[in-house]
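Listed below are the residues making up each chain.
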Amino acid sequence: MATAVNTRADKVAHLSHFIDGRFVPTARSHFENRNPATGAIVNLVPEADPAVVDDAVKAAKRALKGPWGKMSEQQRSAILRKVADGIMARFDDFLAAEVLDTGKPKSLAAHIDIPRGAANFNIFADQVLTLSTETFRTATPDGAGALNYAIRVPRGVIGVICPWNLPLLLLTWKVAPALACGNTVVVKPSEETPTTATLLGEVMNEAGVPPGVYNVVHGFGGDSSGEYLTRHPGVDGITFTGETGTGTAIMRAAADGVRPVSLELGGKNASLVFADCDLDKTIEGVTRAVFANCGQVCLGTERVYVQRPILAAFTQRLKAAAERLQPGNPFDTATTIGPLISQAHRDKVLSYYARAKADGAEIVTGGGIPALPSPYSSGFFIAPTIWTGLAETSAVMREEIFGPCCSIVPFDDEDAAIALANDSPYGLATAIWTENLARAHRVAAQVEVGITWVNAWFLRDLRTPFGGSKQSGIGREGGVHSMEFYTELRNVCIKL
Ligand code: NAD
Ligand code: 6OD
């Protein structure tokens, strides 16, 4: 099927905004979007100015009053299922587009990103059919009483701002519940990964989503379409995933007009590896937690605390696992680690590699840029890296790097492990590795994070509350928790 986006590495496509059910080309101000695996340009992307963002918000406002606003939950649910089916029907296009935009291994995107894009529509198609509200019988002096019941209404136009690390997965994680609840959306995908959001416009049209319900504007963040969108007074709520600093700026923008925000932000997550763990399972899990998606996962582990009796064995085995990772052509099934998203991000991660050295780290493995043949030598690849010997005060231990790297630090007992894990301004996720169930419960209750895994990492049930504590975010996504953000509760009191 012909598509409006690029699914081939040897082509450069002109992307468009998607507004009111139509692809809107613009001749003005295109920026280059590169394939991180080769550095080659894959897309020329239009940057939305305030007028384009305004068009999108107005289209979304109109759509609230159109057929979408009049549909039953059952009708919306059925349409969302068609969107899920549409993603699966275009699986190969979504997969190619996501791999070209991100450079992530095709095997990873085929296993996680694209199926989750579809699953996100199915889960919220289910969820909206079981959404309930509270009812109270209230006593009154005349004895007749009153009945209080709450109704849920859509919030209106939702501004959706997304990052580049799991583009389709994170975008649909917000768009699906927003639409299920009867809202309309204006999405601003990351400037690094504009393609699958655009392709989703085709699927929305094919599934019968009315024009204006799903809109996409391209561009950057501050002083560009991201900021224009979050500041637009026609936007009734903002949902954001990205860096904590950006989340802070968005929260400020949302203060004008007192608009609700949902923020999924950064992390500096710990793995706590106890001597009583199953070491085979733990190495497999920690390897994924540190290196999956080239370390560009908000839930990923950058601090690995290991109980002293197994420190040497653990370090030697994690090193071996890191050295087995195979960089290269993301479309090749042998490739198990892709590049970082951009030259700028690689420069940032390399600055932490230099900082680790300056702070006295021992480099267990990695530390630089791997030698690869052309054209991958021009990509943004970086070596998986492990350090030991860093002090907790080092910036490498405190700041989110978002690269394929971790620092291993020993601990002696449970209390020390918990204290180390909690010594962070962030509070997104922790992975605990132990075969002692009582210990798992004790530690899980004390780590100050929104998400704790025991003997697992990134094992997801989409009904569960997902989100961060401290500077890792505000609010929870998933199941009924998403529905709470995307609806407003109104109470009705009837005197009987
Ligand atoms: P980012 O904050 O730089 O950008 C995210 C999005 O915000 C982009 O679309 C960008 O254009 C936009 N943006 C930037 N400044 C803006 C502004 N002033 N106003 C409006 N929009 C603006 O994040 P990133 O580099 O794309 O993604 C990596 C970050 O995302 C990491 O910190 C990672 O931990 C975090 N993340 C968190 C989660 C989570 O669920 N907690 C998930 C994935 C990524
Ligand atoms: O699985 C999810 O629902 C989710 N929000 C994952 C976030 C991953 C961060 O990079």
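Residues numbered from 1 in each chain as written. Chains lettered and ligands numbered in written order. Predicted model: local features only at pLDDT ≥ 70, side-chain atom pairs only at ≥ 80, totals over all residues. Heavy atoms only, no water.

Student: Talk me through the pattern of salt bridges; I want residue IDs and the actual numbers.
Tutor: The full count for this structure, using the stated rule, is 30 salt bridges. Asp93 serves as the salt-bridge partner of Arg90, at 3.2 Å between the closest nitrogen and oxygen. In terms of burial, Arg90 and Asp93 fall into one category: buried. When the shortest N-O distance is used, the salt bridge between Arg439 and Asp276 registers 3.1 Å. Separated by 163 residues along the polypeptide, Arg439 in helix α15 (residues 437–446) and Asp276 in the loop between β13 (269–273) and α10 (279–291) bring together distant segments of the chain. Arg439 sits in the buried class, given a relative accessible area of 13%. Take Asp276: its relative accessible area is 25%, and that puts it in the partly exposed class. Look at the salt bridges and you will find they share partners, linking Arg90, Asp93, Glu202 and Glu206 into a network. (Salt bridge = Lys/Arg side-chain N within 4 Å of Asp/Glu carboxyl O. Buried < 20%, exposed > 50% of the residue type's maximum accessible area, 1.4 Å probe, protein only. Helix = DSSP H or I, 4+ residues; strand = E, 2+ residues; numbered from the N terminus.)

Student: Residue-level account of helix α16 (residues 479–486), with values.
Tutor: Those residues of α16 not exposed but buried are Gly479, Ser482, Met483, Phe485 and Tyr486. Along α16, the residues classed as buried sweep out an arc of 160 degrees about the axis, all on the same side. (Arc of directions from axis to C-beta.)

Student: Can you break down the site of ligand 1 residue by residue, with the values?
Tutor: Within the structure, ligand 1 sits among 29 residues, and Lys188, Glu191, Thr246, Leu265 and Glu400 are positioned closest to it. One nitrogen or oxygen atom from the main chain of Gly221 is found 3.4 Å from an oxygen atom belonging to ligand 1. Glu400 is positioned with one of its side-chain polar atoms (N or O) 2.5 Å from an oxygen atom of ligand 1. Breaking the shell around ligand 1 down by element, the ones donating at least two residues are α8 (225–231), β11 (237–241) and α9 (244–255). In terms of residue class, the shell around ligand 1 is built from 14 nonpolar, nine polar and six charged. Residue-level mapping places the shell around ligand 1 at the junction of two domains, with at least three residues from each of domain 1 (13–265 + 472–495) and domain 2 (269–461). (Near = heavy atom within 4 Å. Polar contact = N/O pair within 3.5 Å; in protein donor to acceptor, adjacent residues only side chain to side chain. Nonpolar A, V, L, I, M, F, W, Y, C, P; charged D, E, K, R; others polar. Domains from an automatic or database assignment.)

Student: Quick one: what's the story with the packing of aromatic side chains, residue by residue and with numbers?
Tutor: In total, this model carries nine aromatic pairs according to the counting rule given. The lysine or arginine in question, Arg116, covers the ring of Trp173, its NZ or CZ lying 4.9 Å from the ring centre. One residue, Arg155, lies across the ring of Phe485, its end atom 5.5 Å from the ring centre. (Phe/Tyr/Trp six-rings, centres within 6.5 Å; stacked < 30°, edge-to-face > 60°. Lys NZ or Arg CZ within 6 Å of the ring centre and 35° of its normal.)

Student: Describe the packing of helix α3 (residues 73–89) against helix α7 (residues 195–207), and please don't skip the residues or the numbers.
Tutor: In contact at an axis separation of 9 Å, α3 and α7 are set at 130 degrees when each is read in the N-to-C sense. In terms of orientation, α3 and α7 fall into the oblique class. Remark: the crossing between α3 and α7 carries right-handed chirality. Across from Ile79, Lys82, Val83, Gly86 and Ile87 in α3, the residues of α7 making contact are Leu200, Val203, Met204 and Ala207. (Axes fitted to C-alpha atoms, helices over the stretch in contact; angles between N-to-C directions. Parallel < 35°, antiparallel > 145°, perpendicular 65-115°, else oblique. Left-handed = near helix turned anticlockwise from the far one by under 90°. Contact = heavy atoms within 4.5 Å.)

Student: Run through the nonpolar core, naming residues and quoting values.
Tutor: With 71 residues, the main nonpolar core has Ile87, Phe121, Val175, Leu200, Tyr214 and Leu299 as its most contacted residues. The element contributing the most residues to this core is helix α6 (residues 167–180), with 10 residues. Three or more residues apiece are contributed to this core by two domains, here domain 1 (13–265 + 472–495) and domain 2 (269–461). With near-sequence residues (within four places) excluded, Leu200 lies in contact with Val83, Ile87, Phe94, Phe121, Leu171, Thr172 and Tyr214. The next biggest cluster of nonpolar side chains, apart from the first, holds 50 residues, and it includes Val304, Ile310, Ile382 and Ile432. (Core = buried A, V, L, I, M, F, W, Y, C linked by side-chain atoms within 4.5 Å.)

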